[in-house]
Amino acid sequence: MEHMEQSAEQQREQFRKKCLTEAGLTYSVAAVLPVLLSLLVIGVVSAFAGEAFQSTQAYLYLCYILPQLCFAAAAGVYFYRTKEPLKRTYCGCKWQYFVLAVLLQFGLLSLTELNSLFLSFLGLFGYRPSPVPVPDLSGWKLLPAMIVIAVLPAIFEETVFRGILVRNVKNGGWGTAAAVLVTGAMFALFHGKPEQTVYQFVCGACFALVALRSGSVFPTMAAHFLNNAVILVLEAAGAGEFSIGVKIPLFSVAGVVLAGVLVFLVFFDKNNGAKGGVKNGKFFFLAAAVGLAVCAAQWVEILVAGFLGG
């Protein structure tokens, strides 16, 4: 009997290590593939179409689509390697988590000024961010932009970050706080914009918490889609920037909502909670090392370019 218990514990330990390794590998694949594919595809297309191609709408769409294809490929590699049924990632949950995820996304509006404040701080030293080009949003052209910028990221980014990374570090024996903070930091680093790092970290950590509590990726998919979709609609309507008279009450209400949702999720909703720190971290971080190095290099490159551009 004792031998059987030891054998079962060894199997559980091997399972936890495998979960952590596969999560780390998925992050590395998701980070490296967009760099390689962008260099290859955009380089080849530009060589044939000429430099003028980079100022076209087709080029913009290509820049938005390629990363999502890479996310899909990273998820595909994961499911192929692990033979894991899709229903473990795409499982349902209680309806209230959709409400909480949407309220949380609204609450995060209160933190958007963090970007402006941090950007102002960097600006004191000469930092100038590069603009993020957006495809033409006029008329019917809003629809394809919505698919590429709102629908696809909501599906594939959430699958990789909350469906694979968060779930597997939890299955790997990490505590809730460790899983939320580490994956939130990796989410922020992945996006590579220094002036958005603080906001992206909070956003990634909040989404990880919702995914853990709900046990599903669907609530954060819905919130991710709504966030990007609202931004596009506001841009299309020419209302991308709010006046001070709107910002103050809007962000105040959003702040209260954010605090309320987080208090509920942290202190009252203990579903799928786990205590502990980063267990067997070497298996995860070694597997994710290449991805972390690539993301860090891109983050530094963008930061340096912002200072040199100033």
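See the structure above.
Residues numbered from 1 in each chain as written. Predicted model: local features only at pLDDT ≥ 70, side-chain atom pairs only at ≥ 80, totals over all residues. Heavy atoms only, no water.

Considering the layout of surface pockets
Moving on, step 1. Counted as a void, the second largest pocket has a volume near 330 Å³.
Moving on, step 2. As for the second largest pocket, its lining consists of 16 residues, and the residues nearest its centre are Thr176, Ala177, Leu209, Arg213 and Val266.
Moving on, step 3. Put simply, the parts of the chain that give the lining of the second largest pocket at least two residues each are helix 7 (176–191), helix 8 (197–214) and helix 10 (244–268).
Moving on, step 4. In terms of residues, the lining of the second largest pocket owes the most to one element, helix 8, which gives five residues. (1 Å grid on protein atoms, 1.4 Å probe; cavity = no way out; pocket = protein on both sides within 12 Å on 5 of 7 lines; lining within 4 Å. Points joined across faces, edges and corners; volume = space filled by probe spheres on them. Helix = DSSP H or I, 4+ residues; strand = E, 2+ residues; numbered from the N terminus.)

Points about the environment of Phe156
Moving on, step 1. Note on placement: Phe156 falls in helix 6 (residues 142–171).
Moving on, step 2. The class for Phe156 is partly exposed, based on a relative accessible area of 23%.
Moving on, step 3. Expressed as a C-alpha distance, the spacing of Phe156 and Tyr97, which sit 59 residues apart in the sequence, is 20 Å.
Moving on, step 4. Excluding anything up to four places from it in sequence, Phe156 contacts Gln68, Phe71 and Ala72. (Buried < 20%, exposed > 50% of the residue type's maximum accessible area, 1.4 Å probe, protein only. Contact = heavy atoms within 4.5 Å.)

Looking at the state of the cysteines
Covalent bonding between the sulfur atoms of two cysteines defines a disulfide.
Moving on, step 1. Considering all chains together, one arrives at zero disulfides under this definition.
Moving on, step 2. Cys91 forms no disulfide, and the closest cysteine sulfur to it belongs to Cys93, at a distance of 7.5 Å.
Moving on, step 3. Cys91 sits in the partly exposed class, given a relative accessible area of 22%.
Moving on, step 4. This cysteine, Cys206, is not joined by any disulfide, and Cys203 carries the nearest cysteine sulfur, 7.1 Å off. (Disulfide = S-S within 2.5 Å.)

Focus: the nonpolar core
Moving on, step 1. Core analysis: the largest hydrophobic core is formed by 47 residues, its most contacted members being Tyr27, Leu108, Phe161 and Phe284.
Moving on, step 2. Mapped onto this core, the elements with two or more residues apiece are helix 1 (2–49), helix 2 (57–82), helix 4 (96–107), helix 6, helix 7, helix 8, helix 10 and helix 11 (281–309).
Moving on, step 3. With 10 residues, the top contributor of residues to this core is helix 8.
Moving on, step 4. Those residues in contact with Tyr27, other than ones at most four positions away along the chain, are Phe161, Leu165, Met186, Leu189, Phe190, Ala288, Gly291, Leu292 and Cys295. (Core = buried A, V, L, I, M, F, W, Y, C linked by side-chain atoms within 4.5 Å.)

Things to note about unusual backbone geometry
Moving on, step 1. Here Lys83, not a glycine, exhibits a phi torsion of approximately 60 degrees, which is positive.
Moving on, step 2. Its location among the elements puts Lys83 in the loop between helix 2 and helix 3 (86–89).
Moving on, step 3. Classification of Lys83 as exposed rests on a relative accessible area of 60%.

These values are about where atoms sit, not about what they do.
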